[in-house]
Amino acid sequence: MQYNVYPKISLGIFPTPVQKLENISRLLNANVFIKRDDMTGLGLGGNKVRKLEYLLADARKQGAEVVFTTGGSQSNHAMLTAAAAGKLGMKPILILKRRGVTEQVGNQLLEHLMGTEVIFMDTDNYADIYAEMDRIGTQLGVPYYKIPCGGSNALGSLGYVDCAREIGQQGSRFDYLICAEGSGGTMAGLALGAKLFLPGTKVYGMMVDSDPFDEITPALMREAAALLGVEAEISARDYHLRDMCGPGYAIPSEEGNAAISLLAKYEGLFLDPVYTGKAFAGLIKMAEEGRFQATDNVLFLHSGGAGGLFAVL
Ligand SMILES: *Cc1c(COP(=O)(O)O)cnc(C)c1O
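Novice: Break down the overall build of the chain for me, with residues and values.
Specialist: Each helix and strand counted, the chain has 11 helices and 10 strands in total. Its C-alpha atoms give the chain a radius of gyration of 19 Å, near enough to 20 Å, the size a compact globule of 313 residues would have. Along the first, second and third principal axes, the C-alpha set of the chain runs to 60 × 45 × 30 Å. The long-range share in the chain, meaning contacts at least 24 apart out of those at least 6 apart in sequence, stands at 78%. Summing over all exposed atoms, the chain offers an accessible surface of approximately 13000 Å²; the carbon and sulfur share of this is 51%. The average position of the 28 basic charges and that of the 34 acidic charges among the side chains of the chain differ by 4 Å.

Novice: Got a sec to walk through the packing of helix 6 (residues 154–169) against helix 8 (residues 213–228)? Specific residues and values, please.
Specialist: Between helix 6 and helix 8, whose axes approach to 9 Å, the crossing angle comes to 85°. By the angle between their axes, helix 6 is roughly perpendicular relative to helix 8. Contacts between helix 6 and helix 8 involve A154, L155, S157, L158 and V161 on the former and, on the latter, L220, E223, A224, L227 and L228. Residues belonging to the contact of helix 6 with helix 8 are distributed by class as follows: 8 nonpolar, 1 polar and 1 charged.

Novice: Provide a residue-level description of the environment of D175, including the pertinent values.
Specialist: As for its position among the elements, D175 is in the loop between helix 6 and strand 7 (176–181). A C-alpha to C-alpha distance of 23 Å links D175 and F14, two positions 161 residues apart in sequence. Not counting residues within four places of it along the chain, the set of residues in contact with D175 comprises G200, T201, K202, T295, D296 and N297. For D175, the side chain forms a polar contact with the side chain of R173, separated by 3.5 Å.

Novice: For the side chain of D37, give the residues involved together with the corresponding values.
Specialist: By secondary structure assignment, the location of D37 is in the loop between strand 2 (31–36) and helix 2 (48–61). In terms of polar contacts, D37 uses its side chain to reach the side chain of T16, at 2.7 Å. For D37, the contacting residues outside a window of four places in its chain are T16, G45, G46, N47, R50, Y160, C163, L301, H302 and S303.

Novice: Tell me about the site of the ligand, residues and numbers included.
Specialist: Near the ligand you find 16 residues, and of these K48, K51, S183, T186 and S303 are the closest. A distance of 2.8 Å is found between an oxygen atom of the ligand and a backbone nitrogen or oxygen belonging to G182. The separation between an oxygen atom of the ligand and a polar side-chain atom of T186 is 2.7 Å. A total of 370 Å² of accessible area belongs to the ligand in isolation, and the protein chains cover 98% of it. When atoms are counted within 2 Å of each cavity's grid points, the one that captures over half of the ligand is the largest pocket. For the shell around the ligand, the elements supplying multiple residues, two or more each, are helix 2, strand 7 and helix 7 (185–197). Partitioned by chemical class, the residues of the shell around the ligand number 2 nonpolar, 11 polar and 3 charged.

Conventions adopted
- Residues numbered from 1 in each chain as written.
- Predicted model: local features only at pLDDT ≥ 70, side-chain atom pairs only at ≥ 80, totals over all residues.
- Heavy atoms only, no water.
- Helix = DSSP H or I, 4+ residues; strand = E, 2+ residues; numbered from the N terminus.
- Rg over C-alpha atoms; globule rule 2.2 N^0.38 Å.
- Contact = heavy atoms within 4.5 Å.
- Areas by Shrake-Rupley, 256 points an atom, 1.4 Å probe, with all protein chains shown as cover.
- Lys, Arg positive; Asp, Glu negative; His and termini not counted.
- Charge placed at Lys NZ, Arg CZ, Asp CG, Glu CD.
- Axes fitted to C-alpha atoms, helices over the stretch in contact; angles between N-to-C directions.
- Parallel < 35°, antiparallel > 145°, perpendicular 65-115°, else oblique.
- Nonpolar A, V, L, I, M, F, W, Y, C, P; charged D, E, K, R; others polar.
- Polar contact = N/O pair within 3.5 Å; in protein donor to acceptor, adjacent residues only side chain to side chain.
- Near = heavy atom within 4 Å.
- 1 Å grid on protein atoms, 1.4 Å probe; cavity = no way out; pocket = protein on both sides within 12 Å on 5 of 7 lines; lining within 4 Å.
- Sits in = over half its atoms within 2 Å of the grid points.

The structure is reproduced here in structure tokens:
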């Protein structure tokens, strides 16, 4: 297939492994596999590394000396942006929402260890934060680059188009591919990538925030397809969404915590309370509803989030 190739900077270790969860497969009566994007090789791993390979290549091309990004106080994305920008010789500045755990634990501790400049803003509106980035950037008087919350623009989501291609090259065929959806870029990239490279694989986004993902997901898929220059008629058949948010974004849910305990106990793997625990709880629900046949191959994307395990509300 012909598509445009965008420059990216190598930050991680790819391909990440695909492993079968033997015990969970027996418990859920399906073949359950895990794609280890918690092992992407920078910081404590996680899905943002694939996005940052594109975003920071763009930042560097534009001559940026300072890289801004944002998120919640315990944002994995913000922490990994700081790690990646610092490694590449650009200065990260994080402007985070004050909501959540701001003490020096979890990702805040990691940012402290990196000496990252972190500014908390008392706002729930990202527009205020992007305006503050422009104000500070202009004041600094150096070229700067703004990465949106979660790295979830079309360029960032190309990292997960790549991940879908990588899964195809790893050999096994999957009936389902399941991920957490928090700002949308991962799901949009995987759903577009599956449409292009994984025929027959249904992609499920387990929503862990309350944004309108039924609009965000196809819009990002279309923008990413336009960047790639591929003709892809995106319809509601190309992605599946399920609400697993529970009591709210970044607030642990009972079923999410149960999924964390299950994988810890039976597989020696640690999910996180904000994203992957809730997403895996969605996979368990689908199994309980009888959606999977015993012969189905189900692939769960472990998108990381280790920092969040140490900073729960
Ligand atoms: C950011 C994040 C997600 C969600 O990815 P989006 O592209 O923002 O939807 C999932 N898991 C972890 C651990 C994350 O940090």
